Amino acid sequence: MEVNAKREVRNYGIYNFVVTFVMVPLGFLNIFLTEDLKITAIAVGTILLVARVADFVISFFVGAIIERSKFRAGKYLPWLRYSHWIIYAAQILMFLPFEFPLPARAALIVVSYLLINVTWAFVTTVQYGTLNIVAGSDMDKRNKMVILAVRLMTVAQVINSASMTPARNLIASITGARYQYLVVAVIYGLFYVAATMLLGSLIRPYDGPQIAGGPARPGITIGDMVKCVVTNSQLIVNFMSTILFFLGVFAPLQIVMYYYIYVQNDPQLLLMAVAQTITTLFSLVTTIAGPMIGLKLGRKKAMVLGQFLTVLSSFAMCLFGSIHIAIFIGINMFTAMATALYSGFGMGYIIDVGEYGYWKTGIDNRTVTMSLVNVPIKIATFIAGSVALFGLGFIGYVPNMRASPEFVKNFMYLYGGIPAICNFLACLLNGFFYKIDDREAALYAKENREREAAKENGAAEAR
């Protein structure tokens, strides 16, 4: 099959650019529920905790479901066919601004959240599967796909940072504040449609109908999934460090808008648009420099160093982040540079541990491994969301309050303290227990492809 490698690298990057915009409405979710609907932070945290735990439990089986399904249209493509419409509709339901009794609103939030996130777990698995089968054992191509994806995602984040709050305010001036987030969901939800269609076009040459001549895919049981984890020490390390990494990322994101509203007295979030645009523009620079430094250091060393530097910046945020917005921006820029040393290889790490598991055991659980990447993210999501919102309630937040100096101090301890602790633990974990360096990753991928080729040749001779 003749392929255009440069076009595949480019299209994978474009997919990641487009898909970044779909998260904009959910970035307003906590503000919508607390400031607009006047639900307490603790109530919101509890409702979302229920939704996120259910999401975690269901999403755990995504890989097994994909492996066990026998669609004639292919292994991955069928999961993209209707996913965007399900997610689009659920996002609109999430932001319905009408008055409901709290139990009804809670049920609506939980159902909408599950429709969005469980469906997206299938899409994410397809995204990782695409990277694996398109790049194969070509580590240079894989790195190019991952690095371009991160760079274009950062470009999209720059655009989001500069435009999302002004767009919300513009929509509010037209529709009124009551409907602003609903309209935001309607507009930005269209990016789901475009992204999944683009991903489908990229994977289609590799994932077609199940026709005669190809071996049937084996069924995957829960026991297989558990065995996939317990027999792969590097997957366990990756899981634990990924939970810590995303916990450190998600917890501040859950409450960052409250920083601008109550610490910086910016209820319209205009200062947020300026600050995040500056930070993400700098992040765009780091996506160029960071991976280059990371490749020279080696991806493992880059990860450990980046996490250690993030610990330092998080402590600085606790102590100095409330003094002035310029200091807040500066600390975030330093964090972006530290994270860029290794975050651009994030998709590559999970593929490495999947290849390691196959190489070590001879059992090909790579698709299950790639689907399980959702599990630590889901765990981090429900822990971070609940911890941040419960913490917000614990330090005295109520909607439309006047922030006291004590509240501001405690807020910054909450905002910077969680990522400081998480990155410190992740740094220790990866430094002492993660063993896959770049040379070994390339070896595992090469020998696994040779093993597959030998099996195919043996099957052909037997026929």
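Bear in mind that the values here come from a model prediction, so they are computed numbers and not experimental data. (Residues numbered from 1 in each chain as written. Predicted model: local features only at pLDDT ≥ 70, side-chain atom pairs only at ≥ 80, totals over all residues. Heavy atoms only, no water.)

### Overview of the overall build of the protein
For the record, the criterion: A helix here means a DSSP run of H or I that spans at least four residues, while a strand means a run of E at least two residues long, and both kinds are numbered starting from the N terminus. The globule rule is 2.2 Å times the number of residues to the power 0.38, and the radius of gyration it is compared with is taken over C-alpha atoms. Note on exposure labels: buried denotes an accessible area under 20% of the residue type's maximum, exposed denotes more than 50%, and partly exposed covers the range between, all computed with a 1.4 Å probe on protein chains only. Contact between two residues is taken to exist if any of their heavy atoms lie within 4.5 Å; hydrogens are not considered. Only the protein chains shown count as cover for residues, with accessible areas throughout obtained via the Shrake-Rupley method and a probe of 1.4 Å. This count recognises Lys and Arg as positive and Asp and Glu as negative, with His and chain-terminal groups excluded. Taken as the charge location is NZ of Lys, CZ of Arg, CG of Asp or CD of Glu.
Scanning the protein from terminus to terminus reveals 21 helices and 0 strands. Here the C-alpha atoms of the protein give a radius of gyration of 22 Å, agreeing with the 23 Å that 2.2 N^0.38 yields for 463 residues. When the backbone C-alpha atoms are referred to their principal axes, the protein occupies close to 75 × 45 × 40 Å. When each of the 463 residues of the protein is scored for burial, the buried share is 56%. Considering only contacts in the protein between residues 6 or more positions apart, those separated by 24 or more positions represent 85%. Surface exposure of the protein reaches about 19,600 Å², of which carbon and sulfur atoms provide 69%. For the protein, the centre of its 36 positive side-chain charges and the centre of its 24 negative side-chain charges are spaced 2 Å apart.

### Focus: the nonpolar core
Where we set the bar: Take the buried residues of types Ala, Val, Leu, Ile, Met, Phe, Trp, Tyr and Cys, join any two whose side-chain atoms come within 4.5 Å, and each joined set is a nonpolar core.
Ranked by internal contacts, the top residues of the largest apolar core, which has 89 residues, are Y260, L392 and F411. By residue number, the principal contributor to this core is helix α13 (residues 233–263), which donates 13 residues. Discounting chain neighbours no more than four positions away, the residues touching L392 are I255, Y258, Y397, F407, F411 and L414.

### Description of the packing of helix α15 (residues 299–320) against helix α16 (residues 325–340)
Going by this rule: Geometry is summarised by axes, namely lines fitted to C-alpha atoms with helices restricted to the contacting stretch, and by angles between N-to-C directions that run from 0 to 180 degrees. Throughout this description, any angle smaller than 35 degrees is read as roughly parallel, any larger than 145 degrees as roughly antiparallel, any in the 65 to 115 degree range as roughly perpendicular, and the remainder as oblique. Classification convention: Asp, Glu, Lys, Arg as charged; Ala, Val, Leu, Ile, Met, Phe, Trp, Tyr, Cys, Pro as nonpolar; all other residues, Gly among them, as polar.
For the pair α15 and α16, interaxial distance at closest approach is 8 Å and the crossing angle is 170°. With respect to α16, the element α15 is oriented roughly antiparallel. Of α16, the residues touching α15 (which contributes G306, L309, T310, S313, A316, M317 and F320) are I327, F328, I331, N332, F334, T335, A338 and T339. Of the residues that constitute the contact of α15 with α16, the class distribution is 9 nonpolar, 6 polar and no charged.

### What about empty space enclosed by the protein?
Let me state the cut-off plainly: We place a 1 Å grid over just the protein atoms. Points where a 1.4 Å probe fits but has no way out form a cavity, open points with protein on both sides within 12 Å along at least 5 of 7 lines form a pocket, and any residue with an atom within 4 Å of a point lines it. Grid points are joined across faces, edges and corners, and a volume is the space filled by probe spheres set on the points.
Under the definition given, this model contains 2 cavities of 30 Å³ or more. In this structure, the second largest cavity encloses a volume near 60 Å³. Lining the second largest cavity, in full, are C228, T231, N232, G354, G357, Y358, T361, I363, N365, R366 and T369. Put simply, the parts of the chain that give the lining of the second largest cavity at least two residues each are α17 (346–361) and α18 (366–372). Considering each element in turn, the lining of the second largest cavity owes the most residues, 4 residues, to α17.

### Considering the confidence of the model for the protein
Here is the rule: On a scale of 0 to 100, pLDDT captures the predictor's confidence in every residue.
The pLDDT averaged across the protein works out to 84; a share of 92% of its residues lies at or above 70. This model gives residues 210–217 a pLDDT under 50, and the stretch forms 10 contacts once residues within four places in sequence are excluded.

### Observations regarding the environment of F320
Tracing the chain through its elements places F320 in helix α15. For F320 and N132, which are 188 residues apart along the polypeptide, the C-alpha to C-alpha distance reads 43 Å.

### Considering the pattern of salt bridges
Put simply, the rule reads: Salt bridge, as used here, is a side-chain nitrogen of Lys or Arg placed within 4 Å of a carboxyl oxygen of Asp or Glu.
Under the definition given, this model contains 6 salt bridges. In this structure, K141 engages E8 in a salt bridge whose closest nitrogen and oxygen atoms are separated by 2.6 Å. Of the two residues, K141 sits in helix α9 (residues 139–175) while E8 sits in helix α1 (residues 5–20), which places them 133 residues apart along the sequence. The class of K141 is buried, set by a relative accessible area of 9%. Given the relative accessible area of 7%, E8 is considered buried. In this structure, D352 engages R299 in a salt bridge whose closest nitrogen and oxygen atoms are separated by 2.7 Å. You can see D352 sitting in helix α17 and its partner R299 sitting in helix α15, a full 53 residues away along the chain.

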